[in-house]
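One letter stands for each residue in the lines below.
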Amino acid sequence: MTQPKQLSAEAFNALTAEFIHIANAQAKAVDSFSISEGAFLHAAARYSAFITAVGEPSGADMLAKKEEMVAGISARFREYLDIHYIEYAKNFDTYMAKVPSEKDKG
């Protein structure tokens with residue numbers, strides 16, 4: 001896999017915010033954060049496979065690196081999730097004050 005292009009912290013954060021905005025809009029459209037989350041994770045997995053494929057000369061080469069690539073992507077996701085999970089837990093009342101829960105909808 002080729003080395004990814006590096007973005008500035010500002011550009012990376014703006015891109016992240018744009019993806020989150022899209023996910024939130026979709027959650028509103030289907031009236032469910034859990035359905036939107038599933039679609040967002042599915043899309044991230046599919047896009048990750050595509051990005052890996054772009055950097056490989058053949059499907060056989062891609063398959064040969066599958067375990068390594070899945071482990072690397074999973075480790076990066078876990079790192080991000082650990083950071084944000086702790087942040088949300090510590091700021092739960094502030095962050096969740098304006099978000100309706102799934103049980104409040106029905």
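Coordinates for the structure precede this section.
Draft legend 1. Spotlight on the pattern of salt bridges. In the structure shown here, the tally under the stated rule is two salt bridges. For lysine 65, the salt bridge goes to glutamate 56, with nearest N and O atoms at 3.2 Å. For the salt bridge of lysine 66 with glutamate 67, the shortest nitrogen-to-oxygen distance reads 3.1 Å.

Draft legend 2. Representation of a nonpolar patch on the surface in the model. Taken together, Leu7, Phe12, Leu15, Phe19, Ile22, Phe40 and Tyr80 make up a surface patch of nonpolar side chains, about 630 Å² in accessible area. A total of four residues in the nonpolar patch trace back to one element, the largest contributor, which is helix α1 (residues 9–30). Of note, phenylalanine 19 is situated in helix α1. Accessibility expressed as a relative area gives 43% for phenylalanine 19, which makes it partly exposed.

Draft legend 3. Seen up close, the packing of α1 against helix α2 (residues 33–54). Axis separation between α1 and α2 bottoms out at 8 Å; the angle between their running directions is 135°. When the axis of α1 is compared with that of α2, the two are oblique. In terms of crossing hand, the pair formed by α1 and α2 is right-handed. Residues Phe19, Ala23, Asn24, Gln26, Ala27 and Val30 of α1 touch α2, and the partners they reach there are Phe33, Ile35, Ser36 and Phe40. Each residue belonging to the contact of α1 with α2 can be placed in one class, and the counts come to seven nonpolar, three polar and no charged.

Draft legend 4. Summary view of the packing of aromatic side chains. One pass over the full model with this rule turns up two aromatic pairs. Ring centres of tyrosine 47 and phenylalanine 50 lie 5.7 Å apart, and the angle between their planes is 40°; on these two criteria the pair is classed as tilted. Residue tyrosine 47 and its partner phenylalanine 50 are located together in helix α2, separated by three residues, close to a single helical turn. Overall, the relative accessible area of 46% leaves phenylalanine 50 in the partly exposed class. With 4.6 Å between their ring centres and 65° between their planes, tyrosine 88 and tyrosine 95 make a pair best called edge-to-face.

Reading the values: the criteria
Residue numbering note: each chain is counted from 1, following its sequence as written. Where totals are concerned, whole chains, interfaces and linings use all residues; where local detail is concerned, this predicted model gives features only for residues with pLDDT of at least 70, and gives and counts side-chain atom pairs only at 80 or more. Working from all heavy atoms in the structure, the side-chain values ignore hydrogens and water. Each salt bridge in this description consists of a side-chain nitrogen of Lys or Arg and a carboxyl oxygen of Asp or Glu lying within 4 Å of one another. Patches here are clusters of residues that have more than 30% relative accessible area and form no salt bridge, with a 9 Å joining cutoff for like charges and a 5 Å cutoff for nonpolar side chains (Val, Leu, Ile, Met, Phe, Trp, Tyr). Calculation of accessible area relied on Shrake-Rupley with a 1.4 Å probe; when residues are assessed, cover is drawn exclusively from the protein chains displayed. Secondary structure counts use DSSP, requiring at least four H or I residues in a row for a helix and at least two E residues in a row for a strand, with both numbered from the N terminus. Each residue gets one of three labels from its accessible area relative to the maximum for its type: buried under 20%, exposed over 50%, partly exposed in between, using a 1.4 Å probe on protein chains only. Working convention: axes come from line fits to C-alpha atoms, limited for helices to the stretch in contact. Angles between N-to-C directions cover 0 to 180 degrees. Small angles under 35 degrees read as roughly parallel and large ones over 145 as roughly antiparallel, with 65 to 115 read as roughly perpendicular and the rest as oblique. Two helices that cross are described as forming a left-handed crossing if the nearer one is turned anticlockwise from the farther one by less than a right angle, and a right-handed crossing if clockwise. Here, residues are in contact when the closest pair of their heavy atoms is within 4.5 Å. By the convention adopted, Pro, Cys, Tyr, Trp, Phe, Met, Ile, Leu, Val and Ala count as nonpolar, Lys, Arg, Asp and Glu as charged, and the other residues, Gly among them, as polar. Within 6.5 Å between ring centres, the rings of Phe, Tyr and Trp (the latter by its six-membered ring) count as paired, and their orientation is classed by plane angle as stacked under 30 degrees, edge-to-face over 60, tilted in between.

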